[in-house]
Amino acid sequence: MFNVQDIRKDFPILSRKVNGKPLVYFDNAATSQTPQQVIDTIVDYYSNYNANIHRGVHTLSQEATDLYEQARQNIQAHFNAKFSHEIILTSGTTHSINLVANGFSSLLKKGDDIIVSALEHHSNIVPWQMLCERTGAHLKVIPMNEDGELIMEAYDKLLSKNTKLVFVNHISNALGTINPIETIIEKAHAVGAAVLIDGAQACPHVKPDVQKLDVDFYVASAHKMCGPTGVGMLYGKASWLNKLPPYQGGGEMIAEVTFEKTTYASLPHKFEAGTPNIAGGIAFGAAIKYMNTIGFEAIAAYENELLHYATEKLLQIEGLKIYGTSESKTSVISFNLNNIHPYDVGTILDKLGIAVRTGHHCAQPIMDFYKIPGTVRASFAFYNTKKEIDALVEGVKKAKMMLS
């Protein structure tokens, strides 16, 4: 049975106060909170296993290596990758995207097309712009409509035999829109293009099956799904990962080094130069295990309930406008209040102990589309409650009264 009050007991930070008020944490789209079980995993590593991995014959190194590789296998199982070596552990989604973009520098040429969407986070825009500057490829954009949905008819027209890569987020961080990635992947493959899906915002809410999706690359961050910051993953089909050159040179990613020539290690180590975030990788595996214990179907159902409750309550406030009104969306509400700047609303909410995000959410093209400077974003997780949403609604009403 899903019991939110029991779940909340797993998260120490939810019992603290901010500005003398009980913390209401609605900035989950930026970073989720960390349960005690994951915190304990980090403490346990540094208390009992702290050693470098893959290189030592001593007991601590071997134990740490086993824990790290077990975490990789946990991640593989969660995403249903065919092989554990298709899971590259990185510092996060941004690192993962840049790794792929760097690799394609040697595979693209002038006249090639790559496609992104209007709903992307800057992390899934800027690396591809840089790639185009290096290679002469053209960047094309799938437009969006007023509801915050991609215009799929326009996507059809953008695709051609020149399309080599398509990059789309699974779920918009700014609006919560769930994109039709199955269709996007299928149509891209029909013209011979590879597809990278930015799953940073999706993975806290759904359980992607990379084999069922037939996606070429899928990226995610641990800190969005109850894990630590500074660690994430790149899933890539082995056939693609073997084609791409290493992103960085150094220890671990080599097979043999001489001053005349270096040969590279096999997957996944080819892309994992240097000492990794060992504790973070192990804790990432623990976070995935924790969320699966709760169950992603239960998480999605409860968060959907919170989304509908909050939407109904907030829309009762006169002058409040929600951006991103797709029927297919997750538990994110971006809104503005009359002509009040979102930063001012967020500041007042903070005084009431309510944490929301304000600004363009690293998705400035979306804000430009709506001709606004930014929004107030309230993003909900499975440990939030309707009582907290009631506090948000009252806080917005207070902000309106003070700032109007």
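Values in this document were obtained by computation on a predicted structure and should not be read as measured data.

**Some thoughts on the overall build of the protein chain**
- The helix and strand inventory of the protein chain stands at 14 helices and 17 strands.
- Principal axes of the C-alpha set define a box for the protein chain whose edges measure 70 × 55 × 35 Å.
- The contacts in the protein chain between residues at least 6 apart in sequence include a share of 72% that link residues at least 24 apart.
- Total accessible area on the protein chain stands at roughly 17,400 Å², and carbon and sulfur atoms take up 52% of it.

**A word on the sheet that holds strand S8 (residues 194-198)**
- With mixed pairing, the 7 strands of this open sheet are ordered in space as S4-S10-S9-S8-S7-S5-S6. Of all strands in the sheet, those with a lone pairing partner are strand S4 (87-90) and strand S6 (138-142), marking the two edges. Neighbour-to-neighbour, the strand axes of the sheet open up by a mean angle of 20 degrees, direction not taken into account.

**Comments concerning the side chain of His269**
- Within the secondary structure, His269 sits in the loop between strand S12 (262-264) and helix H10 (278-294).
- Separated by 3.2 Å, the side chains of His269 and Glu252 make a polar contact.
- In contact with His269, other than residues within four places in its own chain, are His54, Glu69, Arg72, Glu252 and Met253.

**Some thoughts on the packing of helix H3 (residues 59-79) against H10**
- Two elements in contact, H3 and H10, have axes separated by 8 Å at closest approach and are oriented at 40 degrees. Between H3 and H10, the angle is such that the two are oblique. Between H3 and H10 the crossing geometry is left-handed. Taken together, the residues of H10 that come into contact with H3 (itself represented by Ala64, Leu67, Tyr68, Ala71, Asn74, Ile75, His78 and Phe79) are Ile278, Gly281, Ile282, Phe284, Gly285, Ile288 and Asn292.

**A short note on a nonpolar patch on the surface**
- A surface patch of nonpolar side chains, about 320 Å² in accessible area, is lined by Met401, Met402 and Leu403.
- In this structure, Leu403 sits in helix H14 (residues 386-403).
- Residue classification places Leu403 among the partly exposed residues on the basis of a relative accessible area of 33%.

**Some words on the domain arrangement of the protein chain**
- Domain boundaries assigned for the protein chain yield domain 1 (4-28 + 295-403) and domain 2 (39-293).
- Here the C-alpha centroids of domain 1 and domain 2 sit 28 Å apart.
- Counting from both sides, the interface comprises 33 residues of domain 1 and, opposite them, 32 residues of domain 2.
- Across the interface of domain 1 and domain 2, roughly 2,500 Å² is buried in total on both sides, 59% from carbon and sulfur atoms.
- Inspection of the domain 1/domain 2 interface yields 0 salt bridges.
- Across the domain 1-domain 2 interface, the total number found is 18 residue pairs in polar contact (both at pLDDT 80 or more).
- Those elements giving two or more residues to the side of domain 1 that touches domain 2 turn out to be helix H11 (296-314), strand S14 (332-337) and helix H13 (364-370).
- Top element by residues in the side of domain 1 that touches domain 2 is H13. It accounts for 6 residues.
- Class assignment for the residues of the side of domain 1 that touches domain 2 results in 17 nonpolar, 11 polar and 5 charged.

**Concerning unusual backbone geometry**
- With an omega of 0 degrees, the peptide bond between Leu267 and Pro268 qualifies as cis.
- Residue Lys371 is not a glycine yet carries a positive backbone phi of 60 degrees.
- In this structure, Lys371 sits in the loop between H13 and strand S17 (375-379).
- Taking the relative accessible area as the measure of exposure, Lys371 reaches 75% and is therefore exposed.

**A word on the packing of H11 against H14**
- As a packed pair, H11 and H14 sit with axes 10 Å apart at the nearest point and diverge in direction by 25 degrees. Of the possible angle classes, the one that applies to H11 and H14 is roughly parallel. Regarding H11 and H14, the two cross each other, and that crossing is right-handed. Residues Glu305, Leu306, Tyr309, Ala310, Lys313 and Leu314 of H11 form the contact with H14, whose participating residues are Lys386, Ile389, Asp390, Leu392, Val393 and Val396.
- For the contact of H11 with H14, the per-class residue count stands at 8 nonpolar, no polar and 4 charged.

**Concerning the nonpolar core**
- Ranked by size, the top nonpolar core spans 72 residues in total, and within it Val166, Tyr218, Met233 and Phe382 carry the most contacts.
- Those residues in contact with Met233 that sit more than four places away from it in its chain are Ile75, Phe79, Ile87, Ile88, Leu89, Thr90, Ser96, Tyr218, Val219, Ala220 and Phe284.
- One finds Val4, Ile354, Phe380 and Leu392 within the second-largest nonpolar core, a separate group that totals 29 residues.

**Looking at the sheet that holds strand S16 (residues 357-359)**
- The 4 strands lie next to each other as S13-S14-S17-S16, forming an open sheet whose pairing is antiparallel. Two strands lie at the open edges of the sheet, namely strand S13 (320-323) and S16, each paired on one side alone. Direction aside, neighbouring strands of the sheet carry axes that sit 30 degrees apart on average.
- Bridging between S14 and S17 involves 4 bridges; their strand directions are antiparallel. Looking across to S17, one finds that Ser334 is bridged to Arg377.
- Relative to the sheet, H11 contacts S13 and S14, its axis offset from that of S14 by approximately 10 degrees.

**Here we look at the pattern of salt bridges**
- Counted by the stated rule, this structure contains 13 salt bridges.
- The partner of Glu388 in a salt bridge is Arg8, with the nearest N and O atoms 3.2 Å apart. A residue pair is termed long-range when its members are at least 10 positions apart, and Glu388 in helix H14 and Arg8 in helix H1 (residues 4-8) qualify at 380 residues.
- Taking relative accessible area as the criterion, Glu388 reaches 6% and is therefore assigned buried.
- Looking at Arg8, the relative accessible area reads 17%, which means it is buried.
- Between Asp27 and Arg377 there is a salt bridge; the shortest N-O distance is 3.4 Å. Highlighted residues: Asp27 in the loop between strand S3 (24-25) and helix H2 (36-48) and Arg377 in strand S17, separated in sequence by 350 residues.
- Asp27 sits in the buried class, given a relative accessible area of 8%.
- A relative accessible area of 2% places Arg377 in the buried class.

What counts, and at which threshold
- Residues numbered from 1 in each chain as written.
- Predicted model: local features only at pLDDT ≥ 70, side-chain atom pairs only at ≥ 80, totals over all residues.
- Heavy atoms only, no water.
- Helix = DSSP H or I, 4+ residues; strand = E, 2+ residues; numbered from the N terminus.
- Contact = heavy atoms within 4.5 Å.
- Areas by Shrake-Rupley, 256 points an atom, 1.4 Å probe, with all protein chains shown as cover.
- Pairing = 2+ DSSP bridges.
- Axes fitted to C-alpha atoms, helices over the stretch in contact; angles between N-to-C directions.
- Polar contact = N/O pair within 3.5 Å; in protein donor to acceptor, adjacent residues only side chain to side chain.
- Parallel < 35°, antiparallel > 145°, perpendicular 65-115°, else oblique.
- Left-handed = near helix turned anticlockwise from the far one by under 90°.
- Patch = residues over 30% accessible without salt bridge, like charges linked within 9 Å, V, L, I, M, F, W, Y side chains within 5 Å.
- Salt bridge = Lys/Arg side-chain N within 4 Å of Asp/Glu carboxyl O.
- Buried < 20%, exposed > 50% of the residue type's maximum accessible area, 1.4 Å probe, protein only.
- Domains from an automatic or database assignment.
- Buried area = accessible area lost by both parts, 1.4 Å probe.
- Nonpolar A, V, L, I, M, F, W, Y, C, P; charged D, E, K, R; others polar.
- Core = buried A, V, L, I, M, F, W, Y, C linked by side-chain atoms within 4.5 Å.

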